[in-house]
Amino acid sequence: MALEIMKIVVGATTTTTLEPTLTRLFYQVPANTNGPTTLTIDAADFMGDDGNTITELPTLDANNAYYNVYINGVMQMADLSVYTPGATGVGSLAITVPNGQSISMNTVVVLEIASFAPVSTTVITG
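Summarised in this report is the structure supplied together with it. All residue numbers refer to position in the chain's written sequence, counted from 1. In view of the model being predicted, local features appear only for residues whose pLDDT reaches at least 70, and side-chain atom pairs are presented and counted only at 80 or more, with totals across whole chains, interfaces and linings using the full set of residues. Each side-chain value is worked out from all heavy atoms of the structure, with water and hydrogens disregarded.

1. Concerning the sheet that holds strand S7 (residues 81-84)
Phase 1 of the analysis: A pair of strands is considered paired only if DSSP assigns at least 2 bridges between the two. Helix numbering and strand numbering both begin at the N terminus, where a helix is a DSSP run of H or I of at least 4 residues and a strand a DSSP run of E of at least 2. Read from one edge to the other, the open sheet built from three strands follows the order S3-S9-S7, with strand pairing classed as antiparallel. Two strands close off the open sheet at either side, each with one partner strand: strand S3 (37-42) and S7. Recorded for the sheet is a direction-independent mean angle of 15 degrees between the axes of neighbouring strands.
Phase 2 of the analysis: In the sheet, S3 pairs with strand S9 (residues 92-97) via six bridges, with the strands oriented antiparallel. Following the sheet pairing, Thr 38 is matched in S9 by Thr 96. Convention adopted: a line fitted to C-alpha atoms gives each axis, helices being fitted over their contacting stretch, and angles between N-to-C directions are expressed from 0 to 180 degrees.

2. Description of the sheet that holds strand S5 (residues 65-71)
Phase 1 of the analysis: Pairing in this open sheet of four strands is antiparallel, and the strands run S1-S11-S5-S6 from one edge to the other. Both edges of this open sheet fall to strand S1 (11-28) and strand S6 (74-75), since each of them pairs with a single strand only.
Phase 2 of the analysis: Inspection of the sheet shows S5 paired to S6 by two bridges, in the antiparallel sense. The residue of S6 that forms the bridge with Ile 71 is Val 74.

3. Quick look at the environment of Ser 102
Phase 1 of the analysis: Residue position: Ser 102 is located in strand S10 (residues 102-103).
Phase 2 of the analysis: Exposure classes here rest on a 1.4 Å probe applied to the protein chains alone. A residue is buried below 20% of its type maximum, exposed above 50%, and partly exposed in between. According to the relative accessible area criterion, Ser 102 is partly exposed, its value standing at 46%.
Phase 3 of the analysis: It only takes one pair of heavy atoms within 4.5 Å for two residues to be counted as in contact. Those residues in contact with Ser 102 that lie beyond four places of it in its chain are Thr 33, Asn 34 and Val 97.

4. Structural notes on the nonpolar core
Phase 1 of the analysis: Nonpolar cores are built from buried Ala, Val, Leu, Ile, Met, Phe, Trp, Tyr and Cys residues. Side-chain atoms within 4.5 Å join them into one set. Phe 46, Leu 57, Ile 95, Val 109 and Leu 111 are the most contacted members of the largest nonpolar core, which totals 19 residues.
Phase 2 of the analysis: For this core, the secondary-structure elements that each account for two or more residues are S1, S3, S5, S9 and strand S11 (108-125).
Phase 3 of the analysis: Residues contacting Phe 46, with those up to four places away along its chain left out, are Leu 25, Phe 26, Tyr 27, Ile 41, Asn 52, Thr 53, Ile 54, Leu 57, Leu 93 and Leu 111.

5. Remarks on the environment of Asn 99
Phase 1 of the analysis: Mapped onto the elements, Asn 99 comes out in the loop between S9 and S10.
Phase 2 of the analysis: With residues near it in sequence (within four places) discarded, Asn 99 still touches Gly 35 and Pro 36.

6. Notes on the pattern of salt bridges
Phase 1 of the analysis: What makes a salt bridge here is a side-chain nitrogen of Lys or Arg within 4 Å of a carboxyl oxygen of Asp or Glu, nothing more. Counted under the stated rule, the structure contains one salt bridge.
Phase 2 of the analysis: We note a salt bridge from Asp 49 to Arg 24, for which the minimum N-O separation is 3.0 Å. With Asp 49 in the loop between S3 and strand S4 (56-57) and Arg 24 in strand S1, this pair connects stretches of sequence that are 25 residues apart.

7. Considerations on the side chain of Thr 33
Phase 1 of the analysis: If you trace the backbone, Thr 33 turns up in strand S2 (residues 33-34).
Phase 2 of the analysis: Residues adjacent in sequence count toward polar contacts only when both atoms are side-chain atoms; beyond that, a polar contact is any pair of N or O atoms within 3.5 Å, and within protein one must be able to donate a hydrogen and the other to accept it. Side-chain polar atoms of Thr 33 contact the backbone oxygen of Ala 31, separated by 3.3 Å.
Phase 3 of the analysis: For Thr 33, the contacting residues outside a window of four places in its chain are Leu 39, Val 97, Gln 101, Ser 102 and Ile 103.

Printed below as a string of structure tokens:
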């Protein structure tokens, strides 16, 4: 009898869906901020979509989350801000205001956080 390679023959189908969670946080600048400086906004200084003060900025999964910063409705360049997750006193958003630039009093800063929770299901047949 000749030798044969034995194999398991299996079919599988995997379906992956992304379930995004969007968080929008708002802050109104209390005074003119003239550069060069850094405007640091503590977690507790943000207000959520429901109008309530928040107490913590969420952790961002390196592969499944990102944030955007808008000043007066205009998205800002990524290198102008540093996001630090955490509770009051730890969590913050630091915005670099370059020399010759300013953020006026009562300007609205919006922090938008997008997180994705991929869910995969596999059906094995055969």
